[in-house]
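# Residue-level structural notes
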Amino acid sequence: GQQLNQSPQSMFIQEGEDVSMNCTSSSIFNTWLWYKQDPGEGPVLLIALYKAGELTSNGRLTAQFGITRKDSFLNISASIPSDVGIYFCAGLLTGNQFYFGTGTSLTVIP
Amino acid sequence: NAGVTQTPKFRVLKTGQSMTLLCAQDMNHEYMYWYRQDPGMGLRLIHYSVGEGTTAKGEVPDGYNVSRLKKQNFLLGLESAAPSQTSVYFCASRSTQGAGEAFFGQGTRLTVV
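Overview of the structure. (Residues numbered from 1 in each chain as written. Chains lettered and ligands numbered in written order. Predicted model: local features only at pLDDT ≥ 70, side-chain atom pairs only at ≥ 80, totals over all residues. Heavy atoms only, no water.)

## Some thoughts on the interface of chain B and chain A
- Of the residues lining the interface, 21 residues belong to chain B; the matching set on chain A comes to 21 residues.
- Carbon and sulfur atoms supply 55% of the area that chain B and chain A bury against each other, a total of about 1700 Å² over both sides.
- Its largest share of buried area at the contact with chain A, chain B owes to B:Leu43, B:Glu59 and B:Phe104, together 25% of the area lost on that side.
- In this structure, the connection of chain B to chain A is made through zero salt bridges. (Contact = heavy atoms within 4.5 Å. Buried area = accessible area lost by both parts, 1.4 Å probe. Salt bridge = Lys/Arg side-chain N within 4 Å of Asp/Glu carboxyl O.)

The structure is reproduced here in structure tokens:
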């Protein structure tokens, strides 16, 4: 299967700090997606990216589709306690298969 | 609008037992997927379907079978459960139109003892 390397694996930050995480792959993807998973729930889409170089924001979240199409990053500004959860990147190849990264677990300390 | 619904939410099986997990979506999506989630390994694709009557293998298909007899339903079967299949299973669906992002169910926590 495809390998999506996500880093860091976990983060512990103070409320109000900014957060950066990234995802790299050995394969070229046509679409990059970022999901958040709360405990006991399924992943929920945060941001979708469709073109190399694309920079997209959703509130305090900003994500970019890397120029090489093999990477993407997600930034969260001014973190708040409800940002706690696991963040997954996902890549879509031509066709139908989504591949997911291993996740970044975020803990926000009030 | 229910979105993607998984049944059951929890299940405990004995080794060798069989069971079927049901995924139902009401969004008229063409694509449906089954993933398993294990600690530190993210979501791994088991099987997927690009339309009614079609299925295909994903990354980790061994020990599982699937069927898509109706467009809205995607069934995941375990014929002879093994402890290695203890996991949280997620179903997702995706449209071929628009942005095409996947929508997930709430998961099924399966324990095989």
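## Points about the side chain of B:Asp38
All names here are of chain B.
- Counting through the fold element by element, Asp38 comes out in the loop between β4 (31–37) and β5 (43–51).
- A distance of 2.9 Å separates a polar atom in the side chain of Asp38 from a polar atom in the side chain of Arg36.
- Here Ser87 takes part through its side chain, which lies 2.8 Å from a polar atom of the side chain of Asp38.
- For Asp38, the residues in contact, after removing those within four places along its chain, are Arg44, Thr86 and Ser87. (Helix = DSSP H or I, 4+ residues; strand = E, 2+ residues; numbered from the N terminus. Polar contact = N/O pair within 3.5 Å; in protein donor to acceptor, adjacent residues only side chain to side chain.)

## Re the sheet that holds strand β3 (residues 19–25) of chain B
All names here are of chain B.
- Across the sheet, four strands lie side by side as β1-β3-β8-β7; this open sheet has antiparallel pairing. Looking at the sheet topology across the chains shown, the edges are occupied by β1 (4–7) and β7 (65–67). Looking at each pair of strands side by side, their axes are set apart by 20° on average, direction ignored.
- Across three bridges, the pairing between β7 and strand β8 (residues 73–78) is antiparallel. Bridge assignment links Val66 to a residue of β8, and that residue is Leu76. (Pairing = 2+ DSSP bridges. Axes fitted to C-alpha atoms, helices over the stretch in contact; angles between N-to-C directions.)

## Focus: the packing of aromatic side chains
- For the coordinates displayed, the defined rule picks out eleven aromatic pairs over all chains.
- Judged by centre distance (5.2 Å) and plane angle (85°), the ring pair of A:Phe100 and B:Tyr35 falls under edge-to-face. Of the two residues, A:Phe100 is situated in strand β10 (residues 98–100) and B:Tyr35 in strand β4; the pairing between them involves two chains. You'll find A:Phe100 and B:Tyr35 in the same group, each marked buried.
- Chaining the aromatic ring pairs together yields one cluster made of A:Tyr35, A:Phe88, A:Phe98, A:Phe100, B:Tyr33, B:Tyr35, B:Tyr48 and B:Phe104. (Phe/Tyr/Trp six-rings, centres within 6.5 Å; stacked < 30°, edge-to-face > 60°. Buried < 20%, exposed > 50% of the residue type's maximum accessible area, 1.4 Å probe, protein only.)

## Some points on the pairing of β8(B)
Residue and element names in this part refer to chain B.
- Looking at chain direction, β3 and β8 are connected through six bridges and run antiparallel. Among the inter-strand pairings, Leu22 is bridged to a residue of β8, identified as Leu75.
- A loop of five residues connects β7 with β8, the two strands running antiparallel in sequence.

## Focus on the sheet that holds strand β6 (residues 55–58) of chain A
Residues and elements named next belong to chain A.
- Read across the sheet, five strands follow the order β1-β3-β8-β7-β6 without closing on themselves; strand pairing throughout is antiparallel. What marks the edges here is a single partner per strand, and that holds for β1 (4–7) and β6. With strand direction ignored, the average angle separating the axes of adjacent strands in the sheet is 15°.
- Taken together, the six bridges between strand β3 (residues 19–25) and strand β8 (residues 71–76) define a ladder with antiparallel strand orientation. If you follow Asn22 over to β8, its bridge partner there is Phe73.

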